[in-house]
Amino acid sequence: MIEVQVAGAGAGKTHGLSKKVAERLQKLEIPKKIFALTYTNKAKEKIETELLKQIGYEPENIYIETVHSFFLNEIIFPFSGYILGDIYRKASILYLGNKVRYKASKIKALKDKGEIHVEKVYSVAKQIIDKQNPKNISKANKTRVDRVLAILTECIDSIFVDEVQDLDSDALRVFEILGSNAILVYMIGDPKQAIKWSHDFNNFIKKHKCDKSEHFTFLKVNNLTRRVPNEILFLSNRFCYEDQQQQSLSEITGSVSYIESNHDEFDRILQMHINSDSIVCIDKKQGKYLTGDSYKYCFPASIEEKIIEAEPIKDKKLIVKAAFNEFISDAHKRQKQAVNKFVKRFGIKLDKKEFAQMYELCETQKNTIAQYKISSIDAVKGIEADCCVIVLTPNTYKYLIQKDIDENHRFNKEWNKLYVALTRSMRELIIVVDHSLFKEESLIEVRRSIEGLGVKRF
């Protein structure tokens, strides 16, 4: 059985999922495993906190994990050798770059060492339990898949998946298969907040509604928001599907305004919000605005591997990211000292080529100078604050006023990004129009269009 719940921003998705888990625990007669899954470690912590509030203790048969961890520990590590003939012992977060040939060769090299790259986790998990996979075309392999599904069904009672819009079609197919094999699967998410795979969850819903699949139950859409006040909803609702327009339960009187960079107090006001608990975001690095994920460079693959080997801790992704941020911070000062400090910090040896690569990495940072360090819209997903400040770029401005946006560009990645940004605030929304990001002759039209939406000037 698969239950699908669509719920908009601020609808209390994590609270609702945790309540469902608690209810299932009470009904459970046989102590099988119950999984509560989400996309990121940060979201996982939210579920842990909420479940502890509702249950009051930590039951041994409830497992709170990321979707990646679940696929690795319950499907890929135990069964990849049996079904695919590929034995994986651990996962790698090694940076692969953007070159297709290099990525493929690196993924193969990892596979030969018994490592699966995180980018392949969803697709490999699907290959293992999907009898429609070409590798499972033989009768013998279909029988093996049935055995795997029987084992999983014997061990797992139910799976509750939060923020399901962050999954791709392969991951959604895995949960479809599990839910069609006597495991209760409850999915909750908001297709309007799907950024990475902007159409996969919505297509998944449409397909199974159209097919009237017997294993699926589609619950009534939850269009209530406890977060966003009515004074902001008039903007965010413009980015909703017709049947997903939200209604506010908030008793707070909200406000929406815009501020231009020629305002006498612009720098003070912006810095005040950056240094406070406000959310300040932009769609991507632009002009004098730098985001935490702006760096287009990272450690070369061989150096990243050495860092991982030198730091045998569970969260390898975290240690590599921390090492990179620390190195970049030092690289803005003196290159030689930055490289030497890095080598000493991890106790690793670099060859001549790797030293040259590190110095080249230092060079890339010389021109990375920003007046304001803020967040990307991707990074603030799942976060809320009293005040949200959105720095408009020509791209987000086009979507905000919905000018020249044809049907093919509605509900795409950029559209959904703006919906996410518009629904972070619990009280005040400020839109920034920085003149340096727009052509001077277009500013009059920008001002007129924003005010035409009912947004007042700061």
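Scroll up a little and you will see the structure.
Every value quoted in this text rests on a predicted model; they were computed, and no experiment measured them.

Participant: Which residues make up the layout of surface pockets, and what are the values?
Facilitator: Reported here for the second largest pocket is a volume of approximately 720 Å³. Ala11, Gly12, Lys13, Thr14 and His15 are the residues nearest the centre of the second largest pocket, which is lined by 29 residues in total. Counting only elements with at least two residues in the lining of the second largest pocket, the list comes to helix H1 (13-27), helix H2 (41-55) and strand S7 (184-189). Tallying contributions element by element places H1 first for the lining of the second largest pocket, with seven residues. Grouping the amino acids of the lining of the second largest pocket by side-chain chemistry returns seven nonpolar, 10 polar and 12 charged.

Participant: Just give me the short version of helix H4 (residues 100-112), but keep the residues and values in it.
Facilitator: Taking 1.5 Å per residue as the helical rise, H4 with its 13 residues ought to reach 18 Å, and the 18 Å between its terminal C-alpha atoms agrees with that figure. At the C-terminal side of H4, Gly114 shows a positive phi close to 80°.

Participant: So what's going on with the sheet that holds strand S14 (residues 372-376)? Which residues, and what values?
Facilitator: Across the sheet, which stays open at both edges, the seven strands sit in the order S13-S14-S12-S15-S16-S11-S17 with parallel pairing between neighbours. In this open sheet, the two strands that pair with only one neighbour each are strand S13 (289-291) and strand S17 (456-457). Judged from the six bridges that link them, strand S15 (residues 385-391) and strand S16 (residues 425-433) form a sheet pairing that is parallel. The residue bridging Cys388 from the neighbouring strand is Leu429, located in S16.

Participant: Requested: an account of the packing of aromatic side chains, with residues and values cited.
Facilitator: In total, this model carries 18 aromatic pairs according to the counting rule given. Aromatic pair Phe35 and Phe70: ring centres 4.8 Å apart, planes at 70°, arrangement edge-to-face. A residue pair is termed long-range when its members are at least 10 positions apart, and Phe35 in strand S2 (residues 33-38) and Phe70 in helix H3 (residues 67-84) qualify at 35 residues. According to the relative accessible area criterion, Phe35 is buried, its value standing at 0%. Assessed through its relative accessible area of 1%, Phe70 is described here as buried. Positioned above the aromatic ring of Tyr63 is the side chain of Lys33, whose terminal nitrogen or guanidinium carbon lies 5.4 Å from the ring centre.

Participant: Report on empty space enclosed by the protein, specifying residues and quantitative values.
Facilitator: Taken as a whole and assessed by the stated rule, the structure comprises two cavities of 30 Å³ or more. Space inside the largest cavity adds up to approximately 60 Å³. What lines the largest cavity is simply Ala323, Glu326, Phe327, Asp330, Ala338, Lys341, Phe342, Arg345 and Phe346. For the lining of the largest cavity, the secondary-structure elements that each account for two or more residues are helix H12 (316-331) and helix H13 (335-346). For the lining of the largest cavity, the element with the highest residue contribution is H13, accounting for five residues. Space inside the second largest cavity adds up to approximately 40 Å³.

Participant: I'd love a proper account of the environment of Lys126, names of residues and values included.
Facilitator: Summarising the element assignment, Lys126 is placed in helix H5 (residues 121-129). Sequence spacing of Lys126 and Lys46 is 80 residues, and the spatial spacing of their C-alpha atoms is 27 Å. In contact with Lys126, other than residues within four places in its own chain, are Asp170, Arg173 and Val174.

Participant: How would you summarise the packing of H1 against H2 if you had to cite specific residues and measurements?
Facilitator: It is at 9 Å that the axes of H1 and H2 come closest, and there the two elements cross at 50°. The angle between H1 and H2 falls in the class oblique. Helix-helix and strand crossings are classified by hand; for H1 and H2 the assignment is right-handed. The segment H1 lies against H2, with Thr14, His15, Leu17, Ser18, Lys19, Val21, Ala22 and Leu25 engaging Lys46, Ile47, Glu50, Leu51, Gln54 and Ile55. When the residues that make up the contact of H1 with H2 are grouped by side-chain class, the tally is seven nonpolar, four polar and three charged.

Participant: Quick rundown of the environment of Leu178? Include the residues and the values.
Facilitator: Topologically, Leu178 is positioned in helix H7 (residues 169-179). Judged by relative accessible area, which is 2%, Leu178 ranks as buried. Sequence spacing of Leu178 and Asp130 is 48 residues, and the spatial spacing of their C-alpha atoms is 9.7 Å. When residues no more than four places from it in sequence are discounted, the contact partners of Leu178 are Phe70, Ile129, Leu149, Leu152, Ile159, Ile183 and Val185.

Here is what the cut-offs are and how they apply
- Residues numbered from 1 in each chain as written.
- Predicted model: local features only at pLDDT ≥ 70, side-chain atom pairs only at ≥ 80, totals over all residues.
- Heavy atoms only, no water.
- 1 Å grid on protein atoms, 1.4 Å probe; cavity = no way out; pocket = protein on both sides within 12 Å on 5 of 7 lines; lining within 4 Å.
- Points joined across faces, edges and corners; volume = space filled by probe spheres on them.
- Helix = DSSP H or I, 4+ residues; strand = E, 2+ residues; numbered from the N terminus.
- Nonpolar A, V, L, I, M, F, W, Y, C, P; charged D, E, K, R; others polar.
- Expected span 1.5 Å × (residues − 1).
- Pairing = 2+ DSSP bridges.
- Phe/Tyr/Trp six-rings, centres within 6.5 Å; stacked < 30°, edge-to-face > 60°.
- Buried < 20%, exposed > 50% of the residue type's maximum accessible area, 1.4 Å probe, protein only.
- Lys NZ or Arg CZ within 6 Å of the ring centre and 35° of its normal.
- Contact = heavy atoms within 4.5 Å.
- Axes fitted to C-alpha atoms, helices over the stretch in contact; angles between N-to-C directions.
- Parallel < 35°, antiparallel > 145°, perpendicular 65-115°, else oblique.
- Left-handed = near helix turned anticlockwise from the far one by under 90°.

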